[in-house]
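Breakdown of the fold
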Amino acid sequence: MADNPKDREDGNVHLAFDRDFLTIPVAAIVPLKTLPEGVRASRTYSQILSSIKAIGLIEAPAVMADPKNVGSWFLLDGHLRLEALKELGIAEVECLLAADDDTYTYNKRVNRIPPIQEHRMIARAMERGVSSADIATALNLQVESVLRRFRLLEGISPEAAEMLKDTPCSMKVFDILRQMTAVRQIEAADLMIGQNNFTVMFARALRAATSENQLVAVKKGKGGSTATPSGQQIARMERELAALQTQVKSVEETYGIDNLHLTVARGYIAKLLANNRVVRWLATHQQDYLGEFQKIAEIDTLGPIVETPRA
């Protein structure tokens, strides 16, 4: 799900979308992919349909103007939402207008809402006056679960939240991060992203490795004192960290040349996907290839080549 431009606005940050919403006829929006058969019978589609019925469309689809046809728009993100709008007979929809010709960037967010984006969606609905009970009904959740998602970022550093906004961190991971100071939260977020590991176990290992002066003072509740990891849990965390270190060492010798090959390949594929005609042809004739190419083009964890490979 694409970011709200207001969430990204900064003096030194380039915005992917225009600041204002644009009302567009649903019939003028052209999807860049065909939905699989049976998707309308899926639980996700039913939730979207019931959500729009109950509280309206919360997260606007992302579109880009068709340079060859005035009044026509390519849909970058929100294919299920658009299908639901058509089924409900809604003629117009507010959309986010993409400022860049970046047709592949947003597809990775379709049907896969990261917890932080889900939090922002719920917060935005509540700001509009929608009750937590109505949101719970629309999303098929308990009211307590909706409220917990609404409070997801309480005690979380804004910088850490920005780093983790598109990651699959569970709410339990944020509970663990909340026990750390803001600086340590940023360090932990950087480590999770660097290792591409967003599990609760890894978050617990990071907390166990955190010094006392980087932990926040936890208030004692009805349950009594703060829980401390047992010796067995610490040993398991140490084993996981040791395994990660072994994996890092195993790629050190070939990292430089592998990084170079991947960087060149990614750049070439990204250049291909920047061509609208290529994207449309792949979406029509080779959807599987398009999906794999998008995954490659979206790789953003490649670091700089530190050493020059030996001949």
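All residue numbers refer to position in the chain's written sequence, counted from 1. Only residues with pLDDT of 70 or above have their local features reported here, since the model is predicted, and side-chain atom pairs are shown and tallied only from 80 upward, although totals for entire chains, interfaces and linings are computed over all residues. In computing side-chain values, all of the structure's heavy atoms are included and hydrogens and water are not.

**Quick notes on the overall build of the chain**
- Segments assigned H or I by DSSP are reported as helices when at least four residues long, segments assigned E as strands when at least two residues long, and all are numbered from the N terminus. Along its length, the chain carries 14 helices and 5 strands.
- Each residue gets one of three labels from its accessible area relative to the maximum for its type: buried under 20%, exposed over 50%, partly exposed in between, using a 1.4 Å probe on protein chains only. In the chain, which comprises 311 residues, the proportion classed as buried is 39%.
- Working rule for contacts: check all heavy atoms of both residues, and any pair within 4.5 Å makes them a contact. Within the chain, contacts between residues at least 6 apart in sequence are counted, and of these 75% link residues at least 24 apart.
- Carbon and sulfur atoms make up 53% of the accessible area of the chain, which amounts to about 18100 Å² in all. Per-residue and other accessible areas were derived by the Shrake-Rupley procedure at a 1.4 Å probe size, with only the shown protein chains allowed to occlude residues.

**Here's the deal with the pairing of strand β4 (residues 73–77)**
- For β4, the buried fraction is high: 5 of the 5 residues fall into the buried class.
- DSSP calls a pair of strands paired once it identifies at least 2 bridges connecting them. The pairing of strand β2 (residues 29–31) with β4 spans 3 bridges and is classified as parallel. Opposite P31, over in β4, you have L75 as the bridge partner.
- When strand β3 (residues 62–65) meets β4, the two strands line up antiparallel, connected through 4 bridges. Residue pairing across strands places V63 opposite L75, the latter belonging to β4.

**Details of unusual backbone geometry**
- Its identity as a non-glycine residue notwithstanding, N196 has a phi of 55°, on the positive side.
- For N196, the position within the fold is in the loop between α9 (182–195) and α10 (200–208).
- With a relative accessible area of 61%, N196 lands in the exposed category.

**Some thoughts on a positive patch on the surface**
- Exposure above 30% relative accessible area and no salt bridge define the residues that can form patches, which grow by joining like charges within 9 Å and nonpolar side chains of Val, Leu, Ile, Met, Phe, Trp and Tyr within 5 Å. We define a salt bridge as a contact between a side-chain nitrogen of Lys or Arg and a carboxyl oxygen of Asp or Glu at a distance within 4 Å. Just so you know, the count uses Lys and Arg for positive and Asp and Glu for negative, and it drops His and the chain ends. Where a charge lies is defined by one atom per residue type, namely NZ (Lys), CZ (Arg), CG (Asp) and CD (Glu). Taken together, K172, R204, R236 and R239 make up a surface patch of like positive charges.
- Mapped onto the secondary structure, R204 falls in helix α10.
- Judged by relative accessible area, which is 37%, R204 ranks as partly exposed.

**Overview of the pattern of salt bridges**
- Evaluated as defined, the whole model comprises 7 salt bridges.
- Residues D77 and R81 are paired through a salt bridge, measuring 3.1 Å at the closest nitrogen-oxygen approach.
- Residue R81 is classed as buried on the basis of its relative accessible area, which comes to 9%.
- Here E292 makes a salt bridge to K295, at a shortest N to O gap of 3.5 Å. Highlighted residues: E292 and K295, both in helix α14 (residues 287–297), separated by 3 residues, approximately one helical turn.
- The class for K295 is exposed, based on a relative accessible area of 54%.
- Among the charged side chains, a salt-bridge network with shared partners connects R148, D175 and R178.

**Topic: the environment of Q47**
- Looking at where Q47 falls in the secondary structure, it is placed in helix α2 (residues 43–55).
- Given the relative accessible area of 21%, Q47 is considered partly exposed.
- Taking the C-alpha atoms as reference points, Q47 and A138, separated by 91 residues in sequence, lie 6.6 Å from one another.

**Considerations on α2**
- A rise of 1.5 Å per residue sets the reference length of α2, with its 13 residues, at 18 Å; its end C-alpha atoms lie 18 Å apart and thus fit the reference within 8%.
- All buried positions along α2 are accounted for by Y45, I48, L49, S51, I52 and I55.
- One or two steps after α2, the chain reaches G56, where phi turns positive at roughly 85°. For a helix, the expected span equals 1.5 Å multiplied by the number of residues minus one.

**Some remarks on the nonpolar core**
- Membership of the largest hydrophobic core comes to 24 residues, with the highest contact counts inside it found for L164, F174, L177 and M192.
- Counting residues per element, the ones that place at least two in this core are α7 (158–163), α8 (171–177), α9 and α10.
- Per-element tally for this core: the top contributor is α8, with 5 residues.
- Leave out the neighbours within four places in its chain, and F174 touches P115, I116, L152, L153, I156, L164 and C169. The definition of a nonpolar core used throughout is a set of buried Ala, Val, Leu, Ile, Met, Phe, Trp, Tyr and Cys residues joined through side-chain atoms within 4.5 Å.

**Re the environment of V279**
- Along the chain, V279 turns up in helix α13 (residues 276–285).
- A relative accessible area of 3% means that V279 is categorised as buried.
- On a C-alpha basis, the gap between V279 and Q294 in space is 9.8 Å, while along the polypeptide they are 15 residues apart.

By themselves, these are just geometric observations and shouldn't be taken as functional.
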